[in-house]
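Structural overview
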Amino acid sequence: MNIAKAYLSNDKDMIKFQYGDKIIRFRGPYSLEKFTSVKEWDNGYLVVMAKYQHNKDPEEEYID
């Protein structure tokens, strides 16, 4: 079985989601430092944990 992988990353205020040969880029908050984990990918949205400059702990976020 060949399983496709998706990638989620950020560079400053730009977020990049890549799945196969498809890439989506969009602007994110300036205070986003990094994504720490992907909790769920279902029904067209992602549930992720994100680390922001203003909070020492990661926060749950929704991307759709």
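Our structure is the block above this text.
Please read all numbers here as calculations on a predicted model, not as lab measurements. (Residues numbered from 1 in each chain as written. Predicted model: local features only at pLDDT ≥ 70, side-chain atom pairs only at ≥ 80, totals over all residues. Heavy atoms only, no water.)

**Focus: the sheet that holds strand 6 (residues 59-63)**
Keep this limit in mind: Strand pairing requires that DSSP identify at least two bridges connecting the strands. By the criteria applied, helices consist of DSSP H or I runs no shorter than four residues and strands consist of E runs no shorter than two, each listed in order from the N terminus. Lines fitted to the C-alpha atoms define the axes, with helices restricted to the stretch that makes contact. Angles between their N-to-C directions range from 0 to 180 degrees.
With antiparallel pairing, the 3 strands of this open sheet are ordered in space as 4-5-6. The open sheet has two edge strands with one neighbour each: strand 4 (32-42) and strand 6. Averaged over all pairs of adjacent strands, the angle between strand axes in this sheet comes to 30 degrees, irrespective of strand direction. Across 8 bridges, strand 4 lies against strand 5 (residues 45-52) in antiparallel orientation. Along strand 5, the bridge assignment pairs Trp41 with Leu46.

**Structural notes on the side chain of Lys51**
Our working definition: With a 1.4 Å probe rolled over the protein chains alone, any residue whose accessible area is under 20% of its type maximum counts as buried; one over 50% counts as exposed, and the rest are partly exposed. We call two residues in contact when some of their heavy atoms are within 4.5 Å.
Checked against the element boundaries, Lys51 lands in strand 5. When its relative accessible area of 14% is taken as the criterion, Lys51 is described as buried. Look past the residues within four positions of Lys51 in its chain and what remains in contact with it is Ser31, Leu32, Glu33, Lys34, Thr36, Lys56, Asp57 and Pro58.

**Brief notes about the sheet that holds strand 1 (residues 6-11)**
The 3 strands are arranged 1-2-3 in an open sheet whose pairing can be described as antiparallel. Across the chains shown, the open sheet's two edge strands, defined by having one partner strand only, are strand 1 and strand 3 (22-27). If you compare each strand with its neighbour and ignore which way they point, the axes differ by 15 degrees on average. By the bridge criterion, 6 bridges tie strand 2 (residues 14-19) to strand 3 in an arrangement that is antiparallel. Paired with Met14 across the bridge in strand 3 is Arg27.

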